[in-house]
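Topology and contacts: notes
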Amino acid sequence: MTERDFPHPDVVLEPHGPMLVRGATSIEDEEGTVHAVDRPVVALCRCAKSSRLPWCDGTHKVLRRNRS
Ligand code: FES
């Protein structure tokens, strides 16, 4: 049995941005709430400032712009 035999999501960390998850069917947040996933790829907020947590809404771009 190889690694490919196990279904698992792919994860990519965007520099200064969200965590992109491909192939997940659900996401569990830090409070234990399970969020159904109905898209092939979802972006999870890593800055904790999104108005749509756990999803990224692009707010990280504004935060980064205001920092410089
Ligand atoms: S990472 Fe995009 S809003 Fe937080």
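Quick caveat, the model's predicted, so the values are computed rather than measured. (Residues numbered from 1 in each chain as written. Predicted model: local features only at pLDDT ≥ 70, side-chain atom pairs only at ≥ 80, totals over all residues. Heavy atoms only, no water.)

1. Regarding the sheet that holds strand S2 (residues 19–22)
Hydrogen bonds between backbone groups are what pair the strands of a sheet, and the pairing can be parallel or antiparallel. Spatial ordering of the open sheet is given by S1-S2-S5, a layout of three strands whose pairing is antiparallel. Of all the strands in the sheet, just strand S1 (10–13) and strand S5 (41–44) have a single pairing partner and so form its edges. Direction aside, the axes of adjacent strands within the sheet are offset by 20 degrees on average. Pairing between S2 and S5: four bridges, direction antiparallel. (Pairing = 2+ DSSP bridges. Helix = DSSP H or I, 4+ residues; strand = E, 2+ residues; numbered from the N terminus. Axes fitted to C-alpha atoms, helices over the stretch in contact; angles between N-to-C directions.)

2. A few points about the layout of surface pockets
The method is simple in principle: a probe with the dimensions of a water molecule rolls over the atoms, and the space it marks as empty is what remains. Taken as a whole, the largest pocket encloses approximately 280 Å³ of empty space. Residues belonging to the lining of the largest pocket are distributed by class as follows: eight nonpolar, no polar and five charged. (1 Å grid on protein atoms, 1.4 Å probe; cavity = no way out; pocket = protein on both sides within 12 Å on 5 of 7 lines; lining within 4 Å. Points joined across faces, edges and corners; volume = space filled by probe spheres on them. Nonpolar A, V, L, I, M, F, W, Y, C, P; charged D, E, K, R; others polar.)

So, to be careful, I would describe these as geometric facts and stop short of saying anything about function.
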